Amino acid sequence: MSRNYAGLSRERIIIEALHIIAGRGLGGLSMRRLGDALDVEAMAIYHHFPRGKEQLFNAIAAYVTTARVVSGLTEGQGPPEEEPGSEEAPAEAAEADDRPWDERLTTWAEAYRARLLTYSGALSLLMHRAPHTLGEEDTRALLHTAFTEAGLAGTDVPRACDALHSYCLGSVAHQVRHRGQEDSPEEAEALARFRFGLRALLGGLSG
């Protein structure tokens, strides 16, 4: 069968991998299945991910968690073609955001939650991988600045950042785990519960 490699890119591979994960679970993703879905030989994928599946997993985690979807960052369509951390992948300057620190963090947390729900099949990846990309650095800078404005200092700042990340991941994991159950809340109620817990968390961290 003729295989068309034109247009194959890291982003296209990642998005198709996420489609497979959504339908078959993480265990259902293989390089051969991914190649079939992309209509390419599996070896074509290794051209973009020469270190194989683990490198692809890391790229998926980075795509889900560090896309520019948070307040103060320019929203992008996907990861750069360069390897994460490449000097040739310039960080986009964040626009100034003069809103109060808690409003900025609320916007970020809600956008992050929405993205995690969209790619909930990859949650197990996110629990075990901390992507190190320019987008991740931008996110950490945003959170660090906001928590510093809230009055935190020293090691309390990274601790607060970790607490916020953990809350978002845990909240989404809890919601996904209970999908389909009789007592599972509708999305509007799930979002209300998320916002309630988020207010409590931010209030406690700044208190």
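In this text, all values refer to a predicted model and were calculated from it rather than measured experimentally. (Residues numbered from 1 in each chain as written. Predicted model: local features only at pLDDT ≥ 70, side-chain atom pairs only at ≥ 80, totals over all residues. Heavy atoms only, no water.)

A.B. asks: Can you help me understand the overall build of the protein chain in this one?
C.D. replies: Across its full length, the protein chain carries 9 helices and 0 strands. Counting contacts in the protein chain only where the partners sit at least 6 residues apart, residues at least 24 apart contribute 73% of the total. Surface exposure of the protein chain reaches about 11,300 Å², of which carbon and sulfur atoms provide 51%. (Helix = DSSP H or I, 4+ residues; strand = E, 2+ residues; numbered from the N terminus. Contact = heavy atoms within 4.5 Å. Areas by Shrake-Rupley, 256 points an atom, 1.4 Å probe, with all protein chains shown as cover.)

A.B. asks: What exactly am I supposed to notice about the side chain of Arg10 here?
C.D. replies: With respect to the helices and strands, Arg10 occurs in helix α1 (residues 10–24). A distance of 3.3 Å separates the side chain of Arg10 from the backbone oxygen of His48, its partner in a polar contact. (Polar contact = N/O pair within 3.5 Å; in protein donor to acceptor, adjacent residues only side chain to side chain.)

A.B. asks: For this particular structure, what's the right way to read α1?
C.D. replies: Here α1 is 15 residues long and its end C-alpha atoms lie 21 Å apart, about the 21 Å a rise of 1.5 Å per residue gives. By the burial criterion, the buried members of α1 are Arg10, Ile13, Ile14, Ala17, Leu18, Ile20 and Ile21. Seen along its axis, α1 keeps its buried residues to an arc of 160°; they face one direction. Along α1, exposed side chains directed more than 90 degrees from the buried face belong to Ala22 and Gly23. (Expected span 1.5 Å × (residues − 1). Buried < 20%, exposed > 50% of the residue type's maximum accessible area, 1.4 Å probe, protein only. Arc of directions from axis to C-beta.)

A.B. asks: Mind showing me how you'd approach the packing of helix α5 (residues 101–118) against helix α9 (residues 187–206) here?
C.D. replies: In a packed pair of helices, the relevant descriptors are the angle between the two axes and the axis-to-axis distance. Taken N-terminus to C-terminus, the directions of α5 and α9 make an angle of 140°; their axes are 11 Å apart at the nearest point. As summarised for this structure, α5 and α9 are arranged oblique, according to the angle between their axes. Like other packed secondary-structure pairs, α5 and α9 cross with a definite hand, here right-handed. In this structure, α5 contributes Trp101, Asp102, Leu105, Thr106, Ala109, Glu110, Arg113 and Leu117 to the contact, and α9 contributes Glu187, Ala190, Leu191, Phe194, Arg195, Leu198, Leu202 and Ser206. Residue classes in the contact of α5 with α9 are distributed as 9 nonpolar, 2 polar and 5 charged. (Axes fitted to C-alpha atoms, helices over the stretch in contact; angles between N-to-C directions. Parallel < 35°, antiparallel > 145°, perpendicular 65-115°, else oblique. Left-handed = near helix turned anticlockwise from the far one by under 90°. Nonpolar A, V, L, I, M, F, W, Y, C, P; charged D, E, K, R; others polar.)

A.B. asks: Can you help me understand the packing of aromatic side chains in this one?
C.D. replies: Any aromatic ring pair is given by two values, namely how distant the centres are and how the planes are angled relative to each other. Inspection of the entire model under this criterion finds 4 aromatic pairs. Measuring from ring centre to ring centre gives 5.9 Å for Tyr63 and Tyr119, while their planes differ by 65°; the resulting arrangement is edge-to-face. Here Tyr63, found in helix α4 (residues 53–66), pairs with Tyr119, found in the loop between α5 and α6 (123–128); they are 56 residues apart in sequence, far enough to count as distant. Residue Tyr63 is classed as buried on the basis of its relative accessible area, which comes to 6%. Between Trp101 and Phe147, the ring centres sit 6.4 Å apart and the planes meet at 45°, which makes this aromatic pair tilted. Of this pair, Trp101 sits in helix α5 while Phe147 is found in helix α7 (residues 134–149), placing the two residues 46 residues apart along the sequence. In terms of burial, Trp101 and Phe147 fall into one category: buried. The cationic tip of Arg113 hangs over the ring face of Phe194; the distance from NZ or CZ to the ring centre is 5.5 Å. Between the NZ or CZ atom of Arg115 and the centre of the ring of Tyr63, over which it lies, the distance is 4.9 Å. (Phe/Tyr/Trp six-rings, centres within 6.5 Å; stacked < 30°, edge-to-face > 60°. Lys NZ or Arg CZ within 6 Å of the ring centre and 35° of its normal.)

A.B. asks: Could you clarify how one ought to interpret helix α8 (residues 156–177) in this entry?
C.D. replies: Residues three or four positions apart in an α-helix share a direction because the helix packs 3.6 residues into each turn. With 22 residues, α8 should reach 32 Å at 1.5 Å per residue; the first-to-last C-alpha distance of 31 Å fits that figure. For α8, the complete set of buried residues consists of Val157, Ala160, Cys161, Leu164, His165, Cys168, Leu169, Ser171, Val172, Ala173 and Gln175.

A.B. asks: Looking at this structure, I do not really get the pattern of salt bridges. What am I missing?
C.D. replies: If the charged atoms of two oppositely charged side chains come close together, the side chains can form a pair. Taken as a whole and assessed by the stated rule, the structure comprises 5 salt bridges. A salt bridge links Glu189 to Arg193; its shortest N-O distance comes to 2.9 Å. Taken together, the residues Glu189 and Arg193, both in helix α9 and 4 residues apart, mark about one turn of the helix. A residue is classified by how much of its surface remains accessible, and Glu189, at 37% relative accessible area, is partly exposed. (Salt bridge = Lys/Arg side-chain N within 4 Å of Asp/Glu carboxyl O.)

A.B. asks: Sorry, what's going on with unusual backbone geometry here?
C.D. replies: Excluding glycine, residues mostly have negative phi values, and the peptide bonds linking residues are mostly trans. A positive phi angle, near 60°, is found at Asp39, a position not held by glycine. For Asp39, the position within the fold is in the loop between α2 (31–38) and α3 (42–48). Here Asp39 falls in the partly exposed class, since its relative accessible area comes to 31%.

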